[in-house]
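Take a look at the letters that make up each chain.
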Amino acid sequence: MTDGLPMLYFPRWKSVLIWLVVLAGFIFALPNFFSAQQLSGLPAGFPKGQIITGLDLTGGTRVVLASPKVTAENLEKTAAVMSDRLTELGYDNARITVQNKNQIRAEVPEVYDAQLVKDLLSLTGEINFRQAKEITTPDPLAEGLVPQDSEIIYSFDEPPVGYIVKKAPILTGADIADAEVGVNSDQDSVITISLTEAATKKLADFTGNNAGAVLAVVIDNQIVSAPRIREAITSGDLQITGDFDLETLSNLGVVMRSGPLAAPVEVLEERSIASALGQNYTSYGLITALSALIVVALFMVLSYGLLGVISVIALGVNVMLVVAVVSFFGIAVGLATIAGLVLTIGMAVDSNILLFEKIREDRRNGYSVVQAIESGFARARACVIDANLTTLIAALVLLMFGSGPLHEFAIIVTIGVVTTLFTTYTFSRLLISLWVRQSKPTTIPARLLKLVPTNTKIGFMKLSGITGAISAVACVAALGLYFTMGLNYGIDFDGGSSVELQSRDGAVDLEDINLRLSELNIANARVVQGKNENLAELQIGTQDSGDDAEQTVVVKLRDEFEQDYEFRRVEVVGPTVSEHLSRVGNAALGLSLIGVFAYLWMRFRWQFAVGAVLATVHDIIIMIGVFALFRLEYNLWSLAALLTVLGYSLNDTVVVYDRVRDNLRRYPQTRVSMLVDAAINQTLSRTILTSLVTVLALIPLYIFGGADIGSFAIMMGLGIIIATYSSVYIAGPLLWLLGIRPSDVIEPAETKTAG
């Protein structure tokens, strides 16, 4: 019962409101089925937002840059200048975002030259024109040839040429009205700079009075051109020539027109993916999501009959609402988003299984069909909310601390929790209410598939000594492996580079690649065979010389291999980013556990909170041990898997604990160990079915999701098995060991009644 009204009663206004939400979701999701041309022909008020595909689905380049000491205002200004530079080159779909207080994340779809993007965005663009003279002696400083008002600056040439340059500029970037790239009469690439009216007069005066002097063009404390003044320049136009290719000059022209960055930046991270690989991931992503939906839908219909059909309809609405929200807010969709969607499907099905199992249980206890449905919804409500909110806590921690794919994953899971609660406890209930009203059923729809016996009476508590000993030994062994062998950290946490090469002609020659790598004098480099004979993966550990060293590695690799191999995927993570991610990863795990502990303490009692957290820590320790034993790469996706399993494990445990609390209130005179046993048996069907259906949803993720998502699916599957084991064999006995008693969960009034 809710507010004195039956759970299946819906006032007309509430029914209309629910259908309006579903209709709104349909309308906002609908544009994804139209082409851009078709959308342009629709009425002005019709939503036109479509899903934006991320880089891992379209291909392109992602760069993270940082300015160590910068104000929030200057960081925003710097991001705006970067956006202008990319727009100038025609990259209108580029995305520039500020993250982590002093970092800027730039994503440029369908641009695969990461070096171009880095050069364009990392150039501060401080431009000035100064009087200079070329150095003609070995050590002008020692010889006292550098006046107080001057400094030594070197040219862009190879080898660099030194100049003694006046510190006070004649002109600055603010004096430039325009800059155009072209070719001169000798077919050399040039930049023609047009000056403002005031700057034109200033330059004319200077050049008229300093014939024969050198006018140095200085960009970011490096001389790019140093022509000698022959006569007064009165036209207001300057031409910069030099040993530059057209692309470099084009970038310089863009920098001059957009103006300097408000703060200097350095490149911390670089990731790029080729177009063909992105298209493959797009196809795989769609197949993954559809396969997960089909597998789950088939399972639910076979397991719950007509109720399963209703859950499938609600699941479809759930996915539609997620798509609508993503389209409305313009959230970029990548493989991480698809992984979050698959997890959302698992959470939604879990909520329905929990609900339907309670309905069946109440029907077996003699309730009528309507009473069983009413009671099932009423009893499942708190458990469904608790289970989803514990997952939400882990997602919000990722949302706060994560970046990139982890942030995208957390956004979808957060949205998914909200839509799951709506579809399970509002929309599904409305559909079942309509079915009851129209059909007036006398039986619960039959199931075609029954995997768990109805009334199990397994003595789990009798086995608690054995299972507890096994878990203790496993945890000690896992910790021993962690402290002796450590984890096989990927570049996300250890820094370094990962490059996937595809041969332009036939199979890759690993020996040749190894030989060429050794000649490049790159430390910690190794090559492994890719998924087929045409692919090779270069794995290069951190260079221990700062972020610039990591960037230099990729430049060397491109120069050496680009002629013979296509760079399908490039990932470069500098030590600054890897150290940050490592700190964030540990903080995310810790804060998730603290948040869940606090929530469960408020919702239950301290014994439940401690038991749930200890059971979850057990699961995390075992998973860490698996990483250490099998030398599995521990990267951002591994962290995402751990946090997801954390939420899933808590979800499982909360369901068992909710039933334990219910049993303690109902049967206060019965031994606690017997009540715990009964609770585990009563929830066993839900525990096994939920685990099974979630694993089924992960199978397409493993098959079609690519390397990172595939490893995520494996760890998720393993984590689900461990979490299922701990919720059955560890969580209940822990509660008993912590001394839970009926008096801990029964209010004084209830105690009096029970007596």
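Residues numbered from 1 in each chain as written. Predicted model: local features only at pLDDT ≥ 70, side-chain atom pairs only at ≥ 80, totals over all residues. Heavy atoms only, no water.

Comments concerning the overall build of the protein chain
At step 1: When helices and strands are counted, the protein chain shows 25 helices and 21 strands.
At step 2: The principal-axis extent of the C-alpha atoms belonging to the protein chain is close to 110 × 65 × 60 Å.
At step 3: Residue pairs at least 24 apart in sequence account for 77% of intrachain contacts in the protein chain once pairs closer than 6 positions are excluded.
At step 4: Counting every atom, the protein chain has about 33,300 Å² of accessible surface; 58% of that belongs to carbon and sulfur.
At step 5: Looking at charge distribution, the protein chain has the averaged site of its 54 positive side-chain charges lying 18 Å from that of its 73 negative ones. (Helix = DSSP H or I, 4+ residues; strand = E, 2+ residues; numbered from the N terminus. Contact = heavy atoms within 4.5 Å. Areas by Shrake-Rupley, 256 points an atom, 1.4 Å probe, with all protein chains shown as cover. Lys, Arg positive; Asp, Glu negative; His and termini not counted. Charge placed at Lys NZ, Arg CZ, Asp CG, Glu CD.)

Notes on helix H6 (residues 197-209)
At step 1: The first and last C-alpha atoms of H6 sit 19 Å apart over 13 residues, in line with the 18 Å expected at 1.5 Å per residue.
At step 2: For H6, the set of buried residues is Ala 199, Thr 200, Leu 203, Ala 204, Phe 206 and Thr 207.
At step 3: In this fold, the buried residues of H6 make contact with strand S5 (127-134), strand S8 (171-172), strand S10 (189-195), strand S11 (214-219) and strand S13 (237-240). (Expected span 1.5 Å × (residues − 1). Buried < 20%, exposed > 50% of the residue type's maximum accessible area, 1.4 Å probe, protein only.)

Digging into a nonpolar patch on the surface
At step 1: A cluster of nonpolar side chains, contributed by Trp 13, Val 16, Leu 17, Leu 20, Val 21, Leu 23 and Phe 26, occupies part of the molecular surface with about 680 Å² of accessible area.
At step 2: Within the secondary structure layout, Val 16 lies in helix H1 (residues 12-29).
At step 3: Assessed through its relative accessible area of 44%, Val 16 is described here as partly exposed. (Patch = residues over 30% accessible without salt bridge, like charges linked within 9 Å, V, L, I, M, F, W, Y side chains within 5 Å. Salt bridge = Lys/Arg side-chain N within 4 Å of Asp/Glu carboxyl O.)

Here we look at the sheet that holds S10
At step 1: Read across the sheet, 3 strands follow the order S9-S10-S13 without closing on themselves; strand pairing throughout is antiparallel. This sheet does not close on itself; its edge strands, each paired only once, are strand S9 (176-183) and S13. Recorded for the sheet is a direction-independent mean angle of 25° between the axes of neighbouring strands.
At step 2: Where S9 lies against S10, 7 bridges are found, and the strand directions are antiparallel. Each residue of the ladder has a partner; that of Gly 182, found in S10, is Val 190. (Pairing = 2+ DSSP bridges. Axes fitted to C-alpha atoms, helices over the stretch in contact; angles between N-to-C directions.)

Remarks on the packing of aromatic side chains
At step 1: With the rule as written, the count across this model stands at 15 aromatic pairs.
At step 2: Pairing Phe 28 with Phe 328 gives two aromatic rings, centres 5.2 Å apart and planes at 85°, and the pair type is edge-to-face. You can see Phe 28 sitting in helix H1 and its partner Phe 328 sitting in helix H9 (residues 306-329), a full 300 residues away along the chain.
At step 3: Given a relative accessible area of 52%, Phe 328 falls into the exposed group.
At step 4: A cation over a ring is seen here: Arg 558 above Phe 567, with NZ or CZ 5.0 Å from the ring centre. (Phe/Tyr/Trp six-rings, centres within 6.5 Å; stacked < 30°, edge-to-face > 60°. Lys NZ or Arg CZ within 6 Å of the ring centre and 35° of its normal.)

Observations regarding the environment of Asn 455
At step 1: Along the chain, the position of Asn 455 falls in the loop between helix H12 (405-439) and helix H13 (464-485).
At step 2: A relative accessible area of 61% means that Asn 455 is categorised as exposed.
At step 3: For Asn 455 and Gln 682, which are 227 residues apart along the polypeptide, the C-alpha to C-alpha distance reads 7.5 Å.

Some remarks on the pattern of salt bridges
At step 1: In this structure the tally under the stated criterion is 29 salt bridges.
At step 2: A salt bridge links Glu 537 to Arg 569, with the shortest nitrogen-to-oxygen separation between them at 3.8 Å. With Glu 537 in strand S19 (residues 535-541) and Arg 569 in strand S20 (residues 565-573), this pair connects stretches of sequence that are 32 residues apart.
At step 3: Assessed through its relative accessible area of 16%, Arg 569 is described here as buried.
At step 4: Ionic contacts of the salt-bridge type, sharing partners, join the residues Glu 269, Arg 271, Asp 492, Glu 500, Glu 537, Arg 568, Arg 569 and Glu 571 into one network.

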